[in-house]
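Secondary and tertiary structure notes
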Amino acid sequence: MGDVAMTVPVIRAMVAQSRSLGTTVKITIVSRPFFKPFFDGIPNVDFFAVDVKERHKGFFGLLKLYSDLKKLNIDAVADLHNVLRSQIIRTLFSLSGKKVAATDKGRAEKKALTRAEKKVFQPVKTMVERHVETFKKLGFSVDLSLPNFPEKAILSEEILSISGKKDNFKCIGIAPFAQYESKVYPLDLMQKVIDNLAENGNYKLFLFGGGKEETEKLNTLAKQRENIVVAAGKLKFNQELQLISNLDVMLSMDSGNAHIAAMLGIKVITLWGATHPFAGFAPFNQPLENCLTADRNQYPLLPTSVYGNKKVAGYEDVMRSISPEKVVFSVQSQLAD
């Protein structure tokens with residue numbers, strides 16, 4: 001999810017800058033149907049939903065996908081995912097004479113950053129920068145120095161029945177989960193963060209997650225406080241995006257929610273355990289000080305993983321080196337700006 005969200009600022013900027021130069025670029029996003037709401041409202045952008053369960057399943061499904069895409073009279077292909085499936089599609093287009101380019105994911109640099117021995121602890125290019133380079137290979141110049149973001153969504157009565165009206169509240173989103181445990185802030189510490197923030201009657205907290213288990217944990221964290229809303233399980237995905245667009249700040253792990261909030265122009269505080277923003281996945285247009293990382297003096301092998309899927313003995317509790325007080329201060333600092 002985060003990978004797709006990181007493409008949105010680039011697509012938005014490319015379309016806007018092309019229009020300002022008096023040229024028209026039409027972009028077709030090819031992805032799973034779940035991600036269509038990410039691109040809603042961007043001019044000259046269409047969405048082609050890939051049916052990975054039936055029509056486009058397997059190798060022969062990829063051939064059907066290529067056949068379907070050919071009918072769109074595509075002039076060039078930007079492979080922003082660069083995995084086997086997309087590599088096959090772009091190769092077929094290349095063989096048909098179309099111009100193609102792929103995002104270099106910088107695997108060698110990321111390996112150097114995360115290895116235990118002879119670690120090269122320095123930032124690699126962000127994925128957003130890499131996507132810009134991909135479009136440059138196709139002849140399109142994209143400038144992200146002054147990014148533009150969508151307007152805050154007007155919330156429907158259905159959403160307001162869950163969220164309540166904003167009134168004079170400062171709205172804080174909290175997404176305490178991630179795909180891998182090594183990227184999840186311990187729930188006892190997150191409880192302290194939430195309790196501290198919820199004590200301020202001018203704050204309204206929105207807790208995000210998915211699935212029955214996460215929703216139950218969120219309900220426990222909320223403690224039935226009046227100024228805490230558990231959004232999980234109550235809104236459709238596009239409605240969650242609309243709610244997030246109205247937040248004042250999002251507190252998230254190194255996860256998709258951070259990138260969703262960032263693509264909508266929301267201030268984002270991220271917490272990093274086994275992973276690190278130097279690996280290129282820091283949320284778009286956010287200052288580095290908003291990325292709160294585990295203590296490398298105490299845990300010198302950090303980061304141990306690009307995605308958080310690698311376990312290292314003795315590094316199970318790295319996120320406990322990020323104090324709840326520091327997290328609360330960072331959130332409050334963004335609200336004071």
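Residues numbered from 1 in each chain as written. Predicted model: local features only at pLDDT ≥ 70, side-chain atom pairs only at ≥ 80, totals over all residues. Heavy atoms only, no water.

Turning next to unusual backbone geometry. In this model, L302 is joined to P303 through a cis peptide bond whose omega is -5°. Relative to the assigned elements, P303 resides in the loop between β10 (291-293) and α12 (324-336). Phi is positive for N82, close to 55°, though the residue is something other than glycine. As for its placement among the helices and strands, N82 is situated in the loop between β3 (76-79) and α4 (84-95). For N82, a relative accessible area of 11% puts it in the buried group. Despite not being glycine, K118 has its phi angle at roughly 50°, a positive value. Secondary-structure assignment places K118 in the loop between α5 (107-114) and α6 (127-137). (Helix = DSSP H or I, 4+ residues; strand = E, 2+ residues; numbered from the N terminus. Buried < 20%, exposed > 50% of the residue type's maximum accessible area, 1.4 Å probe, protein only.)

A cluster of nonpolar side chains, namely F59, F60 and L63, defines an oily patch on the protein surface of about 340 Å² accessible area. Topologically, F59 is positioned in helix α3 (residues 58-70). (Patch = residues over 30% accessible without salt bridge, like charges linked within 9 Å, V, L, I, M, F, W, Y side chains within 5 Å. Areas by Shrake-Rupley, 256 points an atom, 1.4 Å probe, with all protein chains shown as cover. Salt bridge = Lys/Arg side-chain N within 4 Å of Asp/Glu carboxyl O.)

Turning our eyes to something else, we now look at helix α2 (residues 8-20). Here α2 spans 18 Å end to end across 13 residues, near enough to the 18 Å set by a 1.5 Å rise per residue. Every buried residue belonging to α2 is among V8, P9, V10, I11, R12, A13, M14, V15 and S18, and all of these are buried. On the buried face of α2, the contacting elements are α1 (2-5), β1 (27-31), β2 (45-49), α6 and α11 (256-263). Where α2 terminates, the next one or two residues include G22, which has phi positive at roughly 80°. (Expected span 1.5 Å × (residues − 1). Contact = heavy atoms within 4.5 Å.)

The next thing to look at is the packing of α2 against α6. A pair of packed helices is characterised by two quantities: the angle between their axes and the separation of those axes. Axis separation between α2 and α6 bottoms out at 9 Å; the angle between their running directions is 40°. Here α2 is positioned oblique relative to α6, judged by the angle of their axes. Helix-helix and strand crossings are classified by hand; for α2 and α6 the assignment is right-handed. Every residue of α6 that contacts α2 at V10, I11 and M14 is listed here: V128, H131, V132 and F135. (Axes fitted to C-alpha atoms, helices over the stretch in contact; angles between N-to-C directions. Parallel < 35°, antiparallel > 145°, perpendicular 65-115°, else oblique. Left-handed = near helix turned anticlockwise from the far one by under 90°.)

The next thing to look at is the packing of aromatic side chains. When we look at a pair of aromatic rings, we describe it by the centre distance and by the angle of the planes. Going through the model one piece at a time under the given rule, you end up with 11 aromatic pairs. Between F34 and F35, the ring centres sit 5.4 Å apart and the planes meet at 80°, which makes this aromatic pair edge-to-face. Consider the rings of F34 and F237, whose centres lie 4.2 Å apart with planes at 20°: the pair is stacked. You can see F34 sitting in the loop between β1 and β2 and its partner F237 sitting in helix α10 (residues 237-244), a full 203 residues away along the chain. An aromatic cluster is present here, built from F34, F35, F38 and F237 joined pairwise through their rings. (Phe/Tyr/Trp six-rings, centres within 6.5 Å; stacked < 30°, edge-to-face > 60°.)

Let's shift gears to the environment of A5. By the element assignment, A5 lies in helix α1. On the basis of relative accessibility, which here comes to 1%, the residue A5 falls in the buried class. On a C-alpha basis, the gap between A5 and A261 in space is 9.0 Å, while along the polypeptide they are 256 residues apart. Once residues lying within four places of it in the same chain are set aside, the contact partners of A5 are F38, H259, I260 and M263.

What follows concerns the pairing of strand β6 (residues 203-207). For β6, the tally of buried residues reaches 5 of 5 residues, placing the bulk of the element in the interior. Relative to strand β7 (residues 228-230), β6 runs parallel, the two being bridged by 3 bridges. Residue pairing across strands places L205 opposite I228, the latter belonging to β7. Crossover handedness for the path β6 to helix α9 (residues 211-222) to β7: right-handed. (Pairing = 2+ DSSP bridges. Right-handed = clockwise from strand over helix to strand, strands pointing away.)

A few words now on the packing of helix α8 (residues 187-198) against α12. Look at α8 against α12: their axes get within 9 Å of each other, and the N-to-C directions meet at 40°. When the axis of α8 is compared with that of α12, the two are oblique. Regarding α8 and α12, the two cross each other, and that crossing is right-handed. Each of L189, K192, V193, N196 and L197 in α8 lies in contact with α12, whose residues at this interface are P324, V327, V328, V331 and Q332. The residue makeup of the contact of α8 with α12, split by class, is 7 nonpolar, 2 polar and 1 charged. (Nonpolar A, V, L, I, M, F, W, Y, C, P; charged D, E, K, R; others polar.)

Structurally, V45 is set in strand β2. A sequence separation of 105 residues divides V45 from P150, and the C-alpha atoms of the two residues are 14 Å apart. The residues contacting V45, other than those within four sequence positions of it, are I11, V15, I27, I29 and F39.

The subject of this paragraph is the sheet that holds β7. Here we have 6 strands laid out as an open sheet, ordered β7-β6-β5-β8-β9-β10, and parallel in their pairing. For this open sheet the edge positions go to β7 and β10, each flanked by a neighbour on one side alone. For this sheet, the mean inter-axis angle between neighbouring strands, taken without regard to orientation, is 15°. Sitting on the sheet, α11 touches β5 (170-175), β8 (249-253) and β9 (267-272), and the angle it makes with β8 is about 155°.

Spatial relationships are all this shows, so hold off on functional conclusions.
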